[in-house]
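Chain residues, written in single-letter form:
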Amino acid sequence: MKWLSNYQVSERLPIREWIPSQVQIRQYAEASGDFNPIHLDDNYARQVGLGGMIAHGMLTMAQMTAMLTEWIGKEGRVSKLDVRFVQVVRPGDKITFCGSIRDRSGNIIVCDVEACNDQKEKVLVGLAHIIRK
Amino acid sequence: MIGKEFIGRESESVVLKIKLEEVRRLAEAIGIPFNGEVPLTYVGTLLQANISGFELTNSGVIHGEQKITYQRPLSVGDSLTYKRRIKDVYELTSKSGKKRLVVLDTTGYDLAGELVFFSSSTLITPVKEDGQ
């Protein structure tokens, strides 16, 4: 196992894969209280021009956080995560989360992060700050 | 339809206590093991602070950007106050048409008044042109 302190600038982070299902999206709506019908009603999502149901952006962001926290373990925590949702994520899409270290300063590690679908299109891009304990 | 007149409007402060069961359900929905820690995206569930006249589930609203910064981690049992404020409303035109963007800030404090987290959501809503 490699310690967080041994990661250097430009090194890549371990990847995480995720395939959202309609069941998970429903479960997330109930847990988060976000019942926007674009996440739950395929006909509604088509009517408003989205081409069908989409996953919550916050659910996709939560997967990115999961990737980071799995990598960090008990050695630190995510103190800041800024993301842009570039493309919609749909049930059944295979999403791959990845990242690399942009900078290190003191106990702060700054990471570029992104997620891509199975067409290699970016669905999320962002920046994370990790504080080492 | 939301316009620039909404800029600066804010909710009342909402007091909450982070409950074990809510956090466990959120972790399960995300698909991560629940180890007692509060997921970073927990702040995205803080939707109870209503801003007068502002409805999040307007037709076709999608999430464009999200920024979350924590001064310290949240823990189950923490008591917080938070409020939401509309920071900006502006329009953009792209090849997919005209869109209105709403920047919604959420700020959370502990009961001593210390800042605990800041979150900023950019929501995108399509603008119907004449004849659409």
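Chemist: Even after reading the chapter, I still don't get the overall build of chain A, so can you show me in this structure?
Modeler: In terms of helices and strands, chain A carries 3 helices and 5 strands. In chain A, the succession of α and β elements from N to C terminus is β-α-α-α-β-β-β-β. If one aligns the C-alpha atoms of chain A with their principal axes, the spans along those axes are about 50 × 30 × 25 Å. For chain A, buried positions account for 51% of its 133 residues. Sequence-distant contacts, at least 24 apart, represent 64% of the contacts inside chain A between residues at least 6 apart. Summing over all exposed atoms, chain A offers an accessible surface of approximately 6,200 Å²; the carbon and sulfur share of this is 48%. Across chain A, 17 positive and 15 negative side-chain charges occur, with their mean positions spaced 6 Å apart.

Chemist: Can you help me understand the environment of B:S79 in this one?
Modeler: Residues and elements named next belong to chain B. Relative to the helices and strands, S79 resides in strand β3 (residues 79-94). Overall, S79 belongs to the partly exposed group, its relative accessible area being 27%. Each C-alpha atom of the pair S79 and V103 lies 26 Å from the other, and the pair is 24 residues apart in sequence. With near-sequence residues (within four places) excluded, S79 lies in contact with L16, K17, Y109, D110 and L111.

Chemist: Mind showing me how you'd approach the environment of B:Q71 here?
Modeler: Tracing the sequence through the fold places B:Q71 in the loop between β2 (62-70) and β3. When the C-alpha atoms of B:Q71 and B:A112 are compared, they prove to be 14 Å apart, with 41 residues separating the residues in sequence. Residues contacting B:Q71, with those up to four places away along its chain left out, are A:R77, B:L115 and B:V116.

Chemist: In this structure, what is going on with the interface of chain A and chain B? I would like to understand it.
Modeler: A common way to express how large an interface is: the accessible area buried when the components associate. Contacts between the two partners involve 32 residues from chain A and, on the opposite side, 32 residues from chain B. Counting each side, the surface lost to burial between chain A and chain B is near 2,500 Å², with a carbon and sulfur contribution of 58%. Joining chain A to chain B, the criterion identifies 1 salt bridge. Among the salt bridges present, the one from A:K74 reaches B:E37, with a minimum N-O distance of 3.2 Å. Across the chain A-chain B interface, the total number found is 11 residue pairs in polar contact (both at pLDDT 80 or more). Those elements that provide at least two residues to the side of chain A that touches chain B are α1 (22-32), α3 (57-72) and β2 (76-85) of chain A.

Chemist: Explain unusual backbone geometry here, please?
Modeler: Residues other than glycine predominantly adopt negative phi, and peptide bonds predominantly adopt the trans conformation. Residues and elements named next belong to chain A. Despite not being glycine, S10 shows a phi value in the positive range, around 85 degrees. As for its position among the elements, S10 is in the segment before β1 (16-18). Although it is not a glycine, K120 adopts a positive phi angle of roughly 65 degrees. Within the secondary structure, K120 is located in the loop between β4 (108-116) and β5 (122-132).

Chemist: Just checking my understanding: could you explain α1(A) for this structure?
Modeler: Within the sequence span of α1(A), burial applies to A:Q24, A:I25, A:Y28, A:A29, A:A31 and A:S32. Directly beyond the C-terminal end of α1(A), a positive phi value near 85 degrees is found at A:G33.

Chemist: Is there a simple way to explain the pairing of strand β5 (residues 115-126) of chain B in this structure?
Modeler: On a regular strand, each side chain points to the face opposite its neighbour's, so the side chains alternate between the two faces of the sheet. Residues and elements named next belong to chain B. Counted residue by residue, β5 has 9 buried out of 12 residues, so it is predominantly covered. Bridging between strand β4 (residues 97-110) and β5 involves 11 bridges; their strand directions are antiparallel. When the bridges of β5 are listed, R100 appears paired with T125. Count of turn residues in the β4/β5 antiparallel hairpin: 4 residues, of which G113 carries a positive phi of about 90 degrees.

Calculation rules
- Residues numbered from 1 in each chain as written.
- Chains lettered and ligands numbered in written order.
- Predicted model: local features only at pLDDT ≥ 70, side-chain atom pairs only at ≥ 80, totals over all residues.
- Heavy atoms only, no water.
- Helix = DSSP H or I, 4+ residues; strand = E, 2+ residues; numbered from the N terminus.
- Buried < 20%, exposed > 50% of the residue type's maximum accessible area, 1.4 Å probe, protein only.
- Contact = heavy atoms within 4.5 Å.
- Areas by Shrake-Rupley, 256 points an atom, 1.4 Å probe, with all protein chains shown as cover.
- Lys, Arg positive; Asp, Glu negative; His and termini not counted.
- Charge placed at Lys NZ, Arg CZ, Asp CG, Glu CD.
- Buried area = accessible area lost by both parts, 1.4 Å probe.
- Salt bridge = Lys/Arg side-chain N within 4 Å of Asp/Glu carboxyl O.
- Polar contact = N/O pair within 3.5 Å; in protein donor to acceptor, adjacent residues only side chain to side chain.
- Pairing = 2+ DSSP bridges.

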